[in-house]
Amino acid sequence: MKNTHSFHIPVMGIGFTIDTPLKVAQYGIDSVISLVDDILLEKLRKMYSEKFEIPYKEITDKIEDFRAKRITSYLNLISDLAEKNFQALKNVSIEKSDEIKKYISMLPDSSTLKLEFKKLTENGFNIAEIKNWASKNLTMGSIDVNIMTKVDKDNYRKNIKLPVEYNDAHAALRGFAQSNLKSSVILSAGMNPRLYAYIGQFDDFYPNESGEFNKKIILKVSDYRSALIQGKFLAKKGLWVSEYRIESGLNCGGHAFATDGYLLGPVLQEFKEKREELRETIQDILNQELENQGRLFSKHSLELKISAQGGVGTEEEHEFLLDHYQLDSIGWGTPFLLVPEATTVDEKTLNQLVEAKEEDLYLSDISPLGVPFNNLRANTKDLEKEAFIAKGRPGSSCPKKFVSLNKEFKETGICTASREYQYLKIKELDNQQLTKEDYQEKLNKITEKTCTCVGLGTSALLAYNLDTKVEGTGVSICPGPNMAYYSKIMSLKNMTDHIYGRDNMITRTDRPNMFIKELHIYIDYLKNKLDEVKKSMNKKEEKYLLTFTNNMKEGILYYQKMFSNITNTFEDIKLSVLKELEKSVETLQNIGLEIESLSPIAVAS
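Residues numbered from 1 in each chain as written. Predicted model: local features only at pLDDT ≥ 70, side-chain atom pairs only at ≥ 80, totals over all residues. Heavy atoms only, no water.

Draft legend 1. Structural detail: the overall build of the chain. Within the chain one finds 20 helices and 12 strands. What you see for the chain is a C-alpha radius of gyration of 25 Å, in line with the 25 Å of a compact globule of 605 residues. With respect to the principal axes defined by its C-alpha atoms, the chain has extents near 80 × 65 × 55 Å. Counting over 605 residues, the chain shows a buried share of 55%. Put simply, 72% of the contacts in the chain that link residues at least 6 apart link residues at least 24 apart. On the chain, roughly 27,200 Å² of surface is accessible, and the fraction owed to carbon and sulfur atoms is 50%. (Helix = DSSP H or I, 4+ residues; strand = E, 2+ residues; numbered from the N terminus. Rg over C-alpha atoms; globule rule 2.2 N^0.38 Å. Buried < 20%, exposed > 50% of the residue type's maximum accessible area, 1.4 Å probe, protein only. Contact = heavy atoms within 4.5 Å. Areas by Shrake-Rupley, 256 points an atom, 1.4 Å probe, with all protein chains shown as cover.)

Structure follows, in C-alpha cells:
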C-alpha cells in the first residue's frame, strides 16, 4: 500500500521522538520510538495516564520481566491515544473540521487524497459525505520502534545471570512483539545473530497466505552487501525484511556508522539495479524455510520497500531521491528537532540548535559504544562531564547502565563513560610510565566519553517538567550536519510545506548539495584516519586507507557521470557541483600519494 506521505520521521536519540506518534500519527505521518530506555518510557506512561485520566499501575523493577512489560504498556498507551486522536479527526462536524483540513493541507500537492477532498468540498461542506469519505480513505501514520541491536546488555538478578531473552534488546523486542501495534521494528547498528533468531519466536512476524504481516522488520543498512547478508540470515529463520532503510554512513544524526568509503549515491544505485534480484533471492530462501517449518507462505511476490535517509534538506533533493532511485520514502530527521509539534526537545537545547552553525556540529568520540557520534558543542551534558573532570572526579555515576557492555574489569560489564570504569582505566594508565604528552592524549581518550544513554533522554523530562533527580539536567543531543542550515523553530505545517516545496525554511543560500556535503564529510573522516596512523602505519591500515580512497574515487566518478547526464533537476548548481567533484578528485589523489609515501611496517596476521 502506498504511504500517505513520501517522508518518515526516523528515530532521534532516546527521548526526542519518544512520543512523536502521539503528535503526528493522526496526520498520516510515520515515525519511530526508541526502545532503549524503559525507565523513561515508564515515566512518560505515568504522565500521559494522569493527563488523560487513565488508570495507572506502576511497573517496578521488582516485577518479573519488567523491561518488556513497561515497553508493551507504553506502546499500547501511545497506540490507543493516537488512535483516539485519529478517530476524532475523522469525526468531522461544522465546529470540528480544522484537524481534517490540517491533515489534507499537509499532503503533497500531487496526492490523490488531496484532489479528491478538494473536489468533495468545492460546492460546500457536506459533513455526512466527508465523514464517509474520511473513514474509507484516510490512514493513520505507522507507530514504529527502533532497537539498537548491539545495545543488548546481559542482566542479573541477585548476582545470577538471567537467560539471554532477558538481555536488553531481547526484552525490548518482546515488549514490541507483545504489544497491540501493527507496525514495524527497525533494527539498527548491525547484526546480532542471537537477537535475530529470537524474533522467530513470535508469530506476528510471519506472513499469512496473502503475504501480510502483523509486525514487520525494517533493516537499517549503509550498503547492499550488508542488506543481502542480513536479509538472507533472517530468511533462513523464516523471517522477511519488509524494508531496507539506507542511511548515509556519516551525513546523518546520532551514531555514524561509516562505510569503507562507499557514498550514498552509488549505494542507492546498486539497490535500484538489484532490487528485484534481492527480493527474489531472499524470498526463495524464505519460502523454503517457511515450508520446512510447516508455516503458510505466499505464492505472490512479498512487498519489499527501499527507503533512504541522511542529509536530505530540500524538496529538490527529496524528489530526486524518490524518482531517480525509485524509493518508497525519505527520512527527514534533524530538521524535525526544531518542530515542537513533532519532537520533544527542552527549551534551552532548542535554542542552542537554532543558533548552531557548521563549527558547532561535529563528529565526536564521546559515545560509550565506541562509534563516532554526531554532537553539538557545548551541550549541557558535555559541560557537566567537563565539570566532573575539573573536580578530579571524571565519569558518570551511571544511573541507568544501558551501555554497560565493557567486560575488561567486570564480567557483569561496565560503561566506559562511568566513573568506575574511568577510575580503573586511569589507575592502569598511571602505571605505564608514559611521556607527559602521551599520558595526556590517552587520558583524554578515557575521559571524553559522555553518559549518552542518560543524556539523550533527559530532554524529554525537562520539556515536560518531570523529575530529573536521578538523571541530572545535562542533555546530550545528536543532530546531523544539516542542522547548520535551519535557523528557526518551525510548525509541523512549515516543515511539511518545506519538504513538498510549498515553502522554504532554509534562509541561508550557501547550503551544499546533500551528495557533496556527504563527500566532504567522508574526505575529512579519511584525513583523520590517516593522521591517526601516520606515526606507525602497518600493512593492514595501509590496505584499509587505500581501499577507502579507491571506493571514494569510484563514487566521485559515478557523481560526475550522474550530474553531467541528469536533466530538469539541480540545474542551478550543476556547474558548481562538477567543480567541487573535480577538486575532490585532486584531494583524494594527494591523500593516495601520502598513504603510499608512508612506509608501512609488517603486521602479525
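Draft legend 2. Geometry of the packing of aromatic side chains. Scanning all chains against the criterion turns up 22 aromatic pairs. Taking the centre distance of 6.2 Å and the plane angle of 80° together, the rings of F320 and F515 count as edge-to-face. Taken together, the residues F320 in helix α11 (residues 315–324) and F515 in helix α18 (residues 514–533) connect sequence positions 195 residues apart. Of the two residues examined, F320 and F515, each falls in the buried class. Sitting over the face of the ring of F176, K215 holds its NZ or CZ atom 5.5 Å from the ring centroid. Positioned over the ring face of F297 is K299, at 5.8 Å from the centre of the ring. (Phe/Tyr/Trp six-rings, centres within 6.5 Å; stacked < 30°, edge-to-face > 60°. Lys NZ or Arg CZ within 6 Å of the ring centre and 35° of its normal.)

Draft legend 3. The sheet that holds strand β2 (residues 30–34), seen in detail. Taken together, the 8 strands give a closed barrel; going around it, the order is β1-β2-β3-β6-β7-β8-β9-β10, and neighbouring strands pair in parallel fashion. The sheet shows a mean angle of 30° between the axes of neighbouring strands, taken without regard to direction. Pairing analysis gives 5 bridges linking strand β8 (residues 241–247) to strand β9 (residues 305–309), with the strands arranged parallel. Bridged to R245 within β9 is S307. (Pairing = 2+ DSSP bridges. Axes fitted to C-alpha atoms, helices over the stretch in contact; angles between N-to-C directions.)

Draft legend 4. View of the side chain of T4. With respect to the element layout, T4 can be found in the segment before β1 (7–9). Excluding anything up to four places from it in sequence, T4 contacts G28, Y103, L107, P108, L113 and T139.

Draft legend 5. Here's a closer look at the packing of α18 against helix α20 (residues 574–597). Closest axis-to-axis distance for the α18/α20 pair is 11 Å, and the angle between their directions is 15°. Classified by the angle between their axes, α18 and α20 sit roughly parallel to one another. Every pair of crossing elements has a handedness; the one defined by α18 and α20 is left-handed. In contact with I516, L519, H520, I523, L526, K527 and L530 of α18, α20 contributes V577, E580, L581, S584, T587, L588, I591, E594 and I595. (Parallel < 35°, antiparallel > 145°, perpendicular 65-115°, else oblique. Left-handed = near helix turned anticlockwise from the far one by under 90°.)

Draft legend 6. Quick peek at the environment of T344. Counting through the fold element by element, T344 comes out in the loop between β10 (329–331) and α12 (347–355). On the accessibility criterion, T344 (2% relative accessible area) is buried. Once residues within four sequence positions are removed from consideration, T344 is found in contact with G15, F16, D19, K23, S459, A460, A463 and Y464. A polar atom in the side chain of T344 sits 3.0 Å from the side chain of K23. (Polar contact = N/O pair within 3.5 Å; in protein donor to acceptor, adjacent residues only side chain to side chain.)

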